[in-house]
Structure formats: C-alpha cells, structure tokens
Amino acid sequence: MLSTTLTHIETLLQTRTNLADLCISNLINLLQNYRVNMWLYPGVIKRKLGISISDVYEVLRILQEEGYLESYYELYCSHCQKSNGIVIRYFSELPNTFECEICHAELPALENAVLIYKVIKE
Ligand SMILES: [Zn+2]
C-alpha cells in the first residue's frame, strides 16, 4: 500500500480502535507489502501482531468501510484442515454444502467458510 494510504490508516486506527501504538505500527509495516488483488488472511495478522481475532476483524472491518478491502468467504475443510481454494463473494452465494476436493467429505458450507479480504485500493 502507498505511504499516503498507510498514514491515513494509521490515524484511523489510532482514533477508532484501542490498539497499542506498537501494534498499529507493526500492522502498517505489514500492509506496506500488500498490493491490489492480494489476499489478506486474518490469521496472518493475528500471528504477526499477537492480537485477538476479534481485534483483527475490527481492523479489517474498518479498512473495508474505508474502501481498501473487500471481504470474501473461503471454503475450508474442517475435516482435513485444508483450504479448497474456493472463494465466494457474497454470503447469499454460499451453497448449502460442498464436497472437499481433497478428502471428499460432504460439508455444510456456512460452518466451513472463513472470511478473507482482498486489497482493492492501495
Ligand atoms: Zn477435506
């Protein structure tokens, strides 16, 4: 992301979240490496920043509201713990069930979907 964007995001997070300044600057360093069309995984942010998953989703929600990110659902097999590489844009497009391509388990989509984010503005 561009430095002007990162400065804007830094200010936003300082005013709208309770995250420590160090956390915010670590996040800014991470976001520097992201370009349009790259996927941002909540788990990666959680691991790199050491914050709770609810804090991660709050940050991502703010960035989405500001037009930097778009959320998608990725189907993830809870049986074999693998992603099926299937990404769905809208909640209403989620099928009731899907078959895991790897272990062939038939799974309910809703319980096996994780939110991921695509960078749409740098
Ligand atoms: Zn599977």
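Calculation rules
Residues numbered from 1 in each chain as written. Predicted model: local features only at pLDDT ≥ 70, side-chain atom pairs only at ≥ 80, totals over all residues. Heavy atoms only, no water. Donors = N, O, S within 2.8 Å, 3.2 Å for Na, K, Ca; no water. Tetrahedral: all angles 85-135°; square planar, octahedral: opposite > 155°, others 65-115°. Helix = DSSP H or I, 4+ residues; strand = E, 2+ residues; numbered from the N terminus. Axes fitted to C-alpha atoms, helices over the stretch in contact; angles between N-to-C directions. Parallel < 35°, antiparallel > 145°, perpendicular 65-115°, else oblique. Left-handed = near helix turned anticlockwise from the far one by under 90°. Contact = heavy atoms within 4.5 Å. Nonpolar A, V, L, I, M, F, W, Y, C, P; charged D, E, K, R; others polar. Pairing = 2+ DSSP bridges. Salt bridge = Lys/Arg side-chain N within 4 Å of Asp/Glu carboxyl O. Buried < 20%, exposed > 50% of the residue type's maximum accessible area, 1.4 Å probe, protein only.

### Details of the coordination of the zinc ion
Turning to step 1, where the next piece is worked out: Coordination of the zinc ion by the protein comes from Cys77 (SG), Cys80 (SG), Cys100 (SG) and Cys103 (SG), over a distance range of 2.3 to 2.4 Å.
Turning to step 2, where the next piece is worked out: Classification of the site at the zinc ion as tetrahedral follows from its four donor atoms and the range of 104 to 119° in their angles at the metal.
Turning to step 3, where the next piece is worked out: For the zinc ion, all donor residues lie on one chain, and their spacing in sequence is C-x2-C-x19-C-x2-C. Of this pair, cysteine 80 sits in the loop between strand 2 (69-77) and strand 3 (82-88) while cysteine 100 sits in the loop between strand 4 (97-99) and strand 5 (106-108); the two residues are 20 residues apart in sequence, bridging distant segments of the chain.

### Re the packing of helix 3 (residues 42-49) against helix 4 (residues 53-65)
Turning to step 1, where the next piece is worked out: Look at helix 3 against helix 4: their axes get within 9 Å of each other, and the N-to-C directions meet at 120°. In terms of orientation, helix 3 lies oblique with respect to helix 4. As for the relative orientation of helix 3 and helix 4, their crossing is right-handed in sense. Residues Pro42, Ile45 and Lys46 of helix 3 form the contact with helix 4, whose own contacting residues are Ile53, Val56, Tyr57 and Leu60.
Turning to step 2, where the next piece is worked out: By residue class, the composition of the contact of helix 3 with helix 4 is six nonpolar, no polar and one charged.

### Quick look at the pairing of strand 3
Turning to step 1, where the next piece is worked out: In this structure, strand 2 lies alongside strand 3, joined through four bridges in antiparallel fashion. Bridge pairing in strand 3 places tyrosine 76 opposite serine 83.
Turning to step 2, where the next piece is worked out: Between strand 2 and the antiparallel strand that follows it, strand 3, lie four residues; glutamine 81 among them carries a positive phi value of about 60°.

### Section: the pattern of salt bridges
Turning to step 1, where the next piece is worked out: What the rule picks out here adds up to four salt bridges.
Turning to step 2, where the next piece is worked out: The closest approach of N and O atoms between glutamate 66 and arginine 16, which form a salt bridge, is 3.6 Å. One end of the pair, glutamate 66, is in the loop between helix 4 and strand 2; the other, arginine 16, is in helix 1 (residues 3-16), and 50 residues separate them in sequence.
Turning to step 3, where the next piece is worked out: On the accessibility criterion, glutamate 66 (27% relative accessible area) is partly exposed.
Turning to step 4, where the next piece is worked out: Exposure remark for arginine 16: the relative accessible area of 37% places this residue in the partly exposed category.
Turning to step 5, where the next piece is worked out: Between glutamate 70 and arginine 89 there is a salt bridge, with its nearest N and O atoms 3.8 Å apart. Placement of glutamate 70 in strand 2 and of arginine 89 in the loop between strand 3 and strand 4 is noted, with a sequence separation of 19 residues between them.
Turning to step 6, where the next piece is worked out: Residue arginine 89 is classed as partly exposed on the basis of its relative accessible area, which comes to 23%.
Turning to step 7, where the next piece is worked out: Look at the salt bridges and you will find they share partners, linking Arg16, Arg61, Glu65 and Glu66 into a network.

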